[in-house]
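# Coordinates in review
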Amino acid sequence: MGPLVMKDIRLIVSNRATQIFLLLYIPFLLIIAGYDFRAEYMYLVVLVSGAYMITILSFSYEIGRKTNQLLLSLPVRRTDIVNAKYLFVFAAFIMSGVYSGIYIGLIKHFLDSQLIAFDLSMLRNASILTLLFVSLVLPLFFGLPHKIANLLNVFVFVTLFQIFGMGVGTLEGIFASPVFAGAGGLYGISAGILLLIISRQLSSFLFARRD
Amino acid sequence: MLEVRNLSKKFKEGFHLDDISFTLEPGYIMGFIGPNGSGKTTTINLIMNLMKRDSGTVRIFGDDITENEREIKNRIGFVYDEAHFYDDLTLEQMKRIIAPFYKEWNDSLYKDYIDKFELDSRMRIKKMSKGMKTKYSLALALSHNADLIIMDEPTSGLDPIFRKEILDILYDIIQDENKSIFFSTHITTDLEQIADYITFVNKGRMVFSKPKDEIMEEFKIVKGDSRNLIPDVRERFISLRETGYGFEGLTREATKLKDMLDDNTLVENASLQDIMYYMRTEG
């Protein structure tokens, strides 16, 4: 499974579309959100969007260009491909965290030292949101035709931004709820991982039956 | 080495691959022929477990592909008719993705093939022509000491010189009597040079799977005057083509027809292309 995860990591640094996305999405989000958005939520938005898109972009590219056919001809089982994609979610989250941390750090340093703060509860909330949304989307790509999966992916991504757009007060309410903050965040993280496991089972089931 | 039994697959679009069976022993090359849309790529996809079969079995190295997929594919070199590589990558980057999957990847062999095929490792895949992609696919497929090489239209899009070079490489590989090659092609002259067995599919059904020499012995082209085409003669042809100058047809009964027809009748060896052409209605 290691080569499959490494393959996804290599593709992130080699794929032109992903490179362009990584370069532009943070300034784009900063412009859209403006300076009214509270600093810690800005980093959360950047981190979750990055992890989500890093996971989905390479996968969508593979399915769309039938590169997954190449993978299936290699000495791997379909379950290996599914497992690797779910493992990659964690790699994508770390990559997004490091990348956006450096990017935002540079912005703070050179442009506005008040913009965007960082704290651990934000990191916890970001990981729960990432697990939730990635769990919803991955089975779509494993089980449905590419165009339909892409369309549904757009809906999920818009929903994600609807949550971000609910305003600071509502977000604070959500993140203070037991689902996110219960037992110091343990409930939320556990629920996120459980959801990911269920999603993985569903993906494996769908992919095994797909031509 | 490769045993396909009663393989069937039905598609929603209407195409139906039905009851395909053949066996390829170690040390031989099998050519897989048939017109466009006859089911060649579907059969290969089913052999490689890239598609789910409805019924039948595929045993490779004695094991069912669905039960021992990883170990079996580790010993297969596979070349697609249309290579689905990651376009933004260079050849070297793509190789770094592919190589770790194979236990017996041989990097120096890979470099030899890259040099032999005059490919540039720094070139991006999207800049490559179809022929270059096929060469690259071949380099990857031949660099991990595979025991079975499966190729879907490997020589299409290649110039005659390189096609000849590929056939020479395949011939060298087959000198190791533990290795086998299974490949589909439209260019039947390639098969006439190197194939030991021919499997012919048409309209999703198998027409035959036989040693090439037996096929060449069995099928003949008979040419003659149309006035000789009495019903008893006609029924001895698999298929006939009549023009203003006479007739030409494929038969399994050339000796009998020679006796029935006049001295101006010509009997010639049938090429695989002739056989495909005249048997296109079979299946």
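Residues numbered from 1 in each chain as written. Chains lettered and ligands numbered in written order. Predicted model: local features only at pLDDT ≥ 70, side-chain atom pairs only at ≥ 80, totals over all residues.

Before going further, it helps to spend a moment on the overall build of chain B. Within chain B, the regular secondary structure consists of eleven helices and 14 strands. Expressed along its principal axes, the backbone C-alpha trace of chain B runs to roughly 65 × 40 × 40 Å. Counting the 283 residues in chain B, one finds 41% classified as buried. Taking the contacts inside chain B whose residues are at least 6 apart along the sequence as the reference set, 71% of them involve residues at least 24 apart. (Helix = DSSP H or I, 4+ residues; strand = E, 2+ residues; numbered from the N terminus. Buried ≥ 20, exposed ≤ 12 C-beta atoms within 10 Å, placed from the backbone. Contact = placed C-beta atoms within 7 Å.)

Another aspect to go through is the nonpolar core. Ranked by internal contacts, the top residues of the largest apolar core, which has 118 residues, are Val48 of chain A together with Ala141, Leu148, Ile150, Phe182 and Ile275 of chain B. At 13 residues, helix H3 (residues 39-64) of chain A tops the list of elements feeding residues into this core. Two domains each donate at least three residues to this core, and these are domain 1 (2-215) and domain 2 (219-278) of chain B. Each residue touching Ala141 of chain B, except ones within four places of it in the same chain, is listed here: Gly77, Phe78, Val79, Ala146 and Ile149 of chain B. (Core = buried A, V, L, I, M, F, W, Y, C linked by C-beta atoms within 7 Å. Domains from an automatic or database assignment.)

The next point concerns the environment of Tyr25 of chain A. Mapped onto the secondary structure, Tyr25 of chain A falls in helix H2 (residues 16-33). The spatial distance from the C-alpha of Tyr25 of chain A to the C-alpha of Ser100 of chain A is 9.9 Å, given a sequence separation of 75 residues.

Right, let's talk about the interface of chain B and chain A for a bit. Contacts between chain B and chain A engage 20 residues on the former and 21 residues on the latter. Where the side of chain B that touches chain A is concerned, the elements lending two or more residues are helix H2 (69-74) and helix H3 (91-98) of chain B. When residues in the side of chain B that touches chain A are grouped by element, the largest group, four residues, is from H2 of chain B. Residue composition of the side of chain B that touches chain A, grouped by class: eleven nonpolar, three polar and six charged. (Nonpolar A, V, L, I, M, F, W, Y, C, P; charged D, E, K, R; others polar.)

In many analyses, interface size is given as the accessible surface area lost on bringing the parts together. Residue and element names in this part refer to chain B. Taken domain by domain, chain B comprises domain 1 (2-215) and domain 2 (219-278). Taking the mean C-alpha position of each, domain 1 and domain 2 sit 35 Å from one another. Contacts between the two partners involve seven residues from domain 1, matched on the other side by six residues from domain 2. For the side of domain 1 that touches domain 2, the element with the most residues is helix H7 (residues 188-194), which contributes three residues. When the residues that make up the side of domain 1 that touches domain 2 are grouped by side-chain class, the tally is five nonpolar, one polar and one charged.

To continue, consider unusual backbone geometry. All names here are of chain B. We note that Asn145 has phi near 55°; this positive angle belongs to a residue other than glycine. Looking at where Asn145 falls in the secondary structure, it is placed in the loop between helix H5 (130-141) and strand E7 (148-152). Since 16 C-beta atoms lie within 10 Å of it, Asn145 is described here as partly exposed. With phi around 50°, Glu153 is a residue other than glycine that occupies positive phi space. Following the sequence through the fold, Glu153 ends up in the loop between E7 and helix H6 (160-173). Classification of Glu153 by C-beta neighbours within 10 Å gives buried; the count is 21.

What follows covers the sheet that holds strand E13 (residues 246-251) of chain B. Residues and elements named next belong to chain B. The sheet built from four strands is open, its strands ordered E12-E13-E11-E14 with antiparallel pairing. Looking at the sheet topology across the chains shown, the edges are occupied by strand E12 (237-243) and strand E14 (266-269). Across this sheet, the average inter-strand angle for adjacent strands is 20°, counted without regard to direction. As paired strands, strand E11 (residues 220-224) and E13 are joined by five bridges and run antiparallel to one another. By the bridge assignment for E13, Val222 is matched with Gly249. (Pairing = 2+ DSSP bridges. Axes fitted to C-alpha atoms, helices over the stretch in contact; angles between N-to-C directions.)

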